[in-house]
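This is what each chain is made of:
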2 protein chains.
Amino acid sequence: MKKEYSFQFGRFPTRVIIQHELPPLEQIRENLTALGYRFSGYLLVCDEHTEVFARRIAGDAVCVLKSGEEEKTWPSIERILKLAKDRGLGRDGLFIGVGGGVVSDLSAFAASIYMRGARLCVVSTTLLGMADAAVGGKTGFDLFGIKNFAGTFFPARLVYMPLESLNTLPEYEWKSGMAEIIKTAVLDREEKPESPAYTGSFFSACLKLREGSPPGVFPNRLYALNPEGLFECITRSVEFKGRIVEADPEETGGKRALLNLGHTFAHALEASLGLGSVSHGEAVAWGLARSCELGFSIGITSEKQIGEIKEVLALYGYEIRTPHPLLKDIPSFMQALGGDKKKSSGQLSFIVPCETGAVIAKLGAGLPPDYLHIVEKIIENL
Amino acid sequence: MKKEYSFQFGRFPTRVIIQHELPPLEQIRENLTALGYRFSGYLLVCDEHTEVFARRIAGDAVCVLKSGEEEKTWPSIERILKLAKDRGLGRDGLFIGVGGGVVSDLSAFAASIYMRGARLCVVSTTLLGMADAAVGGKTGFDLFGIKNFAGTFFPARLVYMPLESLNTLPEYEWKSGMAEIIKTAVLDREEKPESPAYTGSFFSACLKLREGSPPGVFPNRLYALNPEGLFECITRSVEFKGRIVEADPEETGGKRALLNLGHTFAHALEASLGLGSVSHGEAVAWGLARSCELGFSIGITSEKQIGEIKEVLALYGYEIRTPHPLLKDIPSFMQALGGDKKKSSGQLSFIVPCETGAVIAKLGAGLPPDYLHIVEKIIENL
């Protein structure tokens, strides 16, 4: 199983390579050369969990960050930049981020500002990274307590998704990544002809992936259980996201915003529970259920579609009840909603599922003037 | 006197407006609307010297930084971001940087990472800003003691050059900006037909600009003395730099590197004397003289051209002797040369004047293997 994609994300072309094994430094060098880049030096960036992978790629030049979202701050960026400088990297130096979303966002941001932009390769080792964070050029870190408040658009030249790295992933991470895959399956309505490679619709591929597992329990170690099924779900996520980002690389034209399906609710949940209380994917699954309800309230999402989406989320064992059992304070949730950084011109927007995938609902375009009242009633389950 | 240019710098179009008066907020809003942008909120960024200008643009929402290169650090960026957040700016919020290179680089960097990129308007109030920093999309701040070590390419949507702001400029600033203009005049070999607007060659425009002033003394208050002459020099600098940057917005194709004429030497001088000992422009003037000597040593620059360039620098009163009177320690200069961030693949490159403007000299392309020895002899004046 190996698949490669070439995307053009605004300023740079990105090559994405999905394969079983971790790429050795020699493969990275060969692939970059084929794309027309040379690099004079490199720095691997990883965290405590992914250090083992980084050291398999190259033994030296490894910057090991502490694990966790709380490390996604400026001091981590400064540490990466300092090590790169001490290694003597020039503008054509290569930053290789090895890890999940936190490591890839941090190393990509560092690369994007290092001498105004060095080279970047991301080796994504988590399902969330493969399904979402590693493709599309968003970089960032948390500031003033707001997730990804600061960042850049800076696509990696090369992205690897070595599926073998998933074998050691904890359940928490599996569950976080799978939610983004299900979200993408809601957006991607393309029916592929059934074949050894494709199940048909992406949504049915998500259902088929967990076949044989008890309902309501997350089917762990999906790569060991069903390698072809997982490979299909990852490649379809990459392909779908890649095409959307190509059309709107810096989220200015509106289309890229569709990828935020469920995220307005998810970010508010994460912020009001405190970063780290639920995984990003769990918040997205919960937010996806709320988006369905909002879509239904404003006449965009059908009851049938809501049923299908909630069914798959429930089968995978996501917490989709509302109010969320951990959410004690609905006013703080509503306040966090107002502070979401995706708002534009001071207005909130929500992505809601529809027949063709999803649409953006905002004031004057789908959302009625009293939408905050509607949202509050949804959260309170009134 | 008013001139407008439209450039396409990679991702964004930039409109540059050179006029006598400071733009009121209403003009900024109108010009942005004409370009197809609205903004929901704004933040003015200035320093102690330019606060008076910022407050004339809009009375509120002014972030006043301390003046000076030593403020060009991450804490200043964080302060700008925090104020923007507190003002509730969204991704379509407008950052208006009012000042010279430090203010415009800082506010532009802050805008470039604010929610992954907000809107940016630069009001350039110094000659150095108008001649160089305000056009071209380079942003940045100093880190680890290295000038502009971190930064992005993020062109402003709008750049104003209100010439009236030059009237209060200290001599130090005049001298700093004029060196970049002379540098551009060395690069720009185009002969315009003589007319009320053009003197002919850019180089002769530089000579004519100071006519009537005693040689070796910097002709201060050039805008009051010779408004048309200064207007010509600024517009030609903007036009030339704009065309170069359009062809190579992120300094990847080589052509943009020509703008660094004199800068490899200048950065090393600034670093080895300590940032702030000489102005950037004074260092550029000194570096330009050294580039001539290096160009001559490697057979690229003619004796006639060296004579012309050094003559104009001397007429303007720049210190072009070598070793520089403030430089006590040539080994530290040579070491600073090696740390220049413009090096690529660990190799130094120099821009040297030639018949058609300037060329890039590097190892294997103009520079002999013992080039560091040659450079050292030039600096020591042996």
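Residues numbered from 1 in each chain as written. Chains lettered and ligands numbered in written order. Predicted model: local features only at pLDDT ≥ 70, side-chain atom pairs only at ≥ 80, totals over all residues.

**Focus: the overall build of chain A**
Moving on, step 1. Counting secondary structure elements, chain A contains 14 helices and twelve strands.
Moving on, step 2. Radius of gyration (C-alpha) of chain A: 20 Å, near the 21 Å computed for a compact globule of 382 residues.
Moving on, step 3. Seen along its three principal axes, the alpha-carbon backbone of chain A occupies a region of about 60 × 45 × 35 Å.
Moving on, step 4. Taken across its 382 residues, chain A has 50% of its residues classed as buried. (Helix = DSSP H or I, 4+ residues; strand = E, 2+ residues; numbered from the N terminus. Rg over C-alpha atoms; globule rule 2.2 N^0.38 Å. Buried ≥ 20, exposed ≤ 12 C-beta atoms within 10 Å, placed from the backbone.)

**What to know about the interface of chain A and chain B**
Where interface size is given, it is often the accessible area lost as the parts come together that is meant.
Moving on, step 1. Facing the 32 residues of chain A at the interface are 32 residues of chain B.
Moving on, step 2. Mapped by element, the contributors of at least two residues to the side of chain A that touches chain B are α3 (74–86), α4 (101–113) and β8 (146–150) of chain A.
Moving on, step 3. It is α3(A) that provides the largest number of residues to the side of chain A that touches chain B, a total of four residues.
Moving on, step 4. Split into classes, the residues belonging to the side of chain A that touches chain B amount to ten nonpolar, twelve polar and ten charged. (Contact = placed C-beta atoms within 7 Å. Nonpolar A, V, L, I, M, F, W, Y, C, P; charged D, E, K, R; others polar.)

**Notes on the pairing of strand β6 (residues 119–124) of chain B**
Moving residue by residue along a regular strand, the side chains alternate between the two faces of the sheet.
Residues and elements named next belong to chain B.
Moving on, step 1. For β6, the tally of buried residues reaches six of six residues, placing the bulk of the element in the interior.
Moving on, step 2. Across the two faces of β6 the burial is the same, with Arg-119, Cys-121 and Val-123 and Leu-120, Val-122 and Ser-124 all buried.
Moving on, step 3. Inspection of the sheet shows strand β5 (residues 94–99) paired to β6 by six bridges, in the parallel sense. When the bridges of β6 are listed, Gly-97 appears paired with Val-122.
Moving on, step 4. For the handedness criterion, the β-α-β arrangement of β5, helix α4 (residues 101–113) and β6 is classed as right-handed.
Moving on, step 5. Bridge count for β6 against strand β9 (residues 158–162) is three bridges, and the pairing is parallel. Residue Val-123 lies in a different strand from β9, and its bridge partner there is Tyr-160. (Pairing = 2+ DSSP bridges. Right-handed = clockwise from strand over helix to strand, strands pointing away.)

**Things to note about the sheet that holds strand β11 (residues 357–363) of chain B**
Within a sheet, each strand pairs with its neighbour through backbone hydrogen bonds, oriented either parallel or antiparallel.
All names here are of chain B.
Moving on, step 1. Reading across from one edge, β10-β11-β12 is the order of the three strands in this open sheet, with mixed pairing throughout. Where the open sheet ends on each side, the last strands, each with one partner, are β10 (349–354) and β12 (366–367).
Moving on, step 2. Where β10 lies against β11, six bridges are found, and the strand directions are antiparallel. Following the sheet pairing, Ser-349 is matched in β11 by Lys-362.

**Observations regarding the domain arrangement of chain A**
Residue and element names in this part refer to chain A.
Moving on, step 1. When its domains are assigned, chain A resolves into domain 1 (2–169) and domain 2 (174–220 + 244–380).
Moving on, step 2. Between the C-alpha centres of domain 1 and domain 2 there is a distance of 27 Å.
Moving on, step 3. The interface of domain 1 with domain 2 comprises 18 residues on the first partner and 19 residues on the second.
Moving on, step 4. Elements that contribute at least two residues to the side of domain 1 that touches domain 2 include exactly β1 (2–9), α5 (127–133) and β8.
Moving on, step 5. Of the residues in the side of domain 1 that touches domain 2, the class split is ten nonpolar, five polar and three charged. (Domains from an automatic or database assignment.)

**Quick look at unusual backbone geometry**
Moving on, step 1. In this structure, the amide linkage connecting A:Thr322 to the following residue, A:Pro323, adopts the cis form with an omega of -5 degrees.
Moving on, step 2. Structurally, the position occupied by A:Pro323 is in the loop between α12 (303–315) and α13 (330–338).
Moving on, step 3. Positive phi, normally seen in glycine, also occurs at A:Met115, with a value near 50 degrees.
Moving on, step 4. By the element assignment, A:Met115 lies in the loop between α4 and β6 (119–124).
Moving on, step 5. Phi at B:Arg221 is positive, roughly 50 degrees, even though this residue is not glycine.
Moving on, step 6. When you line up the elements, B:Arg221 lands in the loop between α7 (202–209) and α8 (222–225).
Moving on, step 7. Note on B:Arg221: 14 C-beta atoms within 10 Å, which makes it partly exposed.

**Remarks on the sheet that holds strand β9 (residues 158–162) of chain A**
All names here are of chain A.
Moving on, step 1. The strand order β1-β2-β9-β6-β5-β3-β4 describes an open sheet built from seven strands, whose pairing is mixed. Lying at the two open borders of the sheet, with one neighbouring strand each, are β1 and β4 (62–65). Strand-to-strand, the axes of this sheet are offset by a mean angle of 15 degrees, without reference to chain direction.
Moving on, step 2. The pairing of strand β3 (residues 42–47) with strand β5 (residues 94–99) spans four bridges and is parallel. Looking across to β5, one finds that Val-45 is bridged to Gly-97.
Moving on, step 3. Of the strands in this sheet, β3, β4, β5 and β6 touch α4, which is tilted by about 170 degrees from β5.
Moving on, step 4. Most of the contacts of helix α9 (residues 227–247) go to β1, to which it runs at about 15 degrees, and overall it touches β1, β2 (12–19) and β9. (Axes fitted to C-alpha atoms, helices over the stretch in contact; angles between N-to-C directions.)

**Observations regarding the relation of the copies chain A and chain B**
Moving on, step 1. At an RMSD of 0.0 Å, chain A and chain B line up after a rotation of 180 degrees and a shift of 0.0 Å along the axis. The operation mapping one copy onto its partner corresponds to a two-fold rotation axis. When C-alpha positions in chain A are compared against the rotation axis, the closest is assigned to A:Arg11, at 3.6 Å.
Moving on, step 2. Looking at chain A, 100% of its interface residues are interface residues in chain B too, so the copies touch through the same face. (Least-squares fit on C-alpha atoms with pLDDT ≥ 70 in both.)

**Concerning the packing of helix α6 (residues 171–187) of chain B against α7(B)**
Moving on, step 1. At their nearest, the axes of α6(B) and α7(B) sit 7 Å apart, and the two run at 145 degrees to each other. Of α7(B), the residues touching α6(B) (which contributes B:Ile181, B:Ile182, B:Thr184 and B:Ala185) are B:Phe202, B:Phe203 and B:Cys206.

**Describing the nonpolar core**
Moving on, step 1. Formed by 230 residues in total, the largest nonpolar core has its most connected members in A:Val45, A:Ile96, B:Val45 and B:Ile96.
Moving on, step 2. In this structure A:Val45 touches A:Cys63, A:Leu65, A:Ile80, A:Phe95, A:Ile96, A:Gly97, A:Val98, A:Val103, A:Leu106 and A:Ser107, once residues within four positions along its chain are discounted. (Core = buried A, V, L, I, M, F, W, Y, C linked by C-beta atoms within 7 Å.)

**Here's the deal with the environment of A:Leu166**
Residue and element names in this part refer to chain A.
Moving on, step 1. Within the fold, Leu-166 resides in the loop between β9 and α6 (171–187).
Moving on, step 2. Considering only alpha carbons, one finds Leu-166 and Tyr-223, 57 residues apart in sequence, at a separation of 7.0 Å.
Moving on, step 3. Excluding its chain neighbours within four sequence positions, the residues that come into contact with Leu-166 are Leu-127 and Tyr-223.

**Here we look at the confidence of the model for chain A**
Moving on, step 1. Per-residue confidence for chain A averages 94 on the pLDDT scale, and 98% of its residues sit at or above 70.
Moving on, step 2. Model confidence for the complex is summarised by a pTM of 0.93, with the ipTM given as 0.91. (pLDDT = per-residue confidence, 0-100.)

**Overview of α7(B)**
Residue and element names in this part refer to chain B.
Moving on, step 1. For α7, the full list of buried residues reads Phe-202, Phe-203, Ala-205, Cys-206 and Leu-209. When α7 is viewed along its axis, its buried side chains cluster within an angular range of 160 degrees and face the same direction.
Moving on, step 2. In this structure, the buried side of α7 is in contact with α6, α8, α9 (227–247) and α12 (303–315). (Arc of directions from axis to C-beta.)

**Let's talk about the environment of B:Ser277**
Moving on, step 1. Residue position: B:Ser277 is located in the loop between α10 (263–273) and α11 (280–297).
Moving on, step 2. When the C-alpha atoms of B:Ser277 and B:Leu326 are compared, they prove to be 8.5 Å apart, with 49 residues separating the residues in sequence.

**Regarding the packing of helix α10 (residues 263–273) of chain A against α13(A)**
Residues and elements named next belong to chain A.
Moving on, step 1. At a closest axis distance of 8 Å, the pairing of α10 and α13 adopts a crossing angle of 125 degrees. In terms of axis orientation, α10 runs oblique to α13. Of the two elements, α10 crosses α13, and the hand of that crossing is right-handed. For the pair α10 and α13, contact is made by Thr-264, Ala-268, Leu-269, Ala-271 and Ser-272 and by Ser-332, Phe-333, Ala-336 and Leu-337, respectively.
Moving on, step 2. Classifying every residue of the contact of α10 with α13 gives six nonpolar, three polar and no charged. (Parallel < 35°, antiparallel > 145°, perpendicular 65-115°, else oblique. Left-handed = near helix turned anticlockwise from the far one by under 90°.)

**What about helix α14 (residues 371–380) of chain B?**
All names here are of chain B.
Moving on, step 1. Residues of α14 that are buried: Val-375, Ile-378 and Ile-379. Angularly, the buried residues of α14 cover 95 degrees about the axis, an arc narrow enough to put them on a single face. Away from its buried face, by an angle of more than 90 degrees, α14 presents the exposed residues His-373, Lys-377 and Glu-380.
Moving on, step 2. Tucked into the core, α14 has its buried residues touching α11 and α13 (330–338).
Moving on, step 3. Directly beyond the C-terminal end of α14, a positive phi value near 60 degrees is found at Asn-381.

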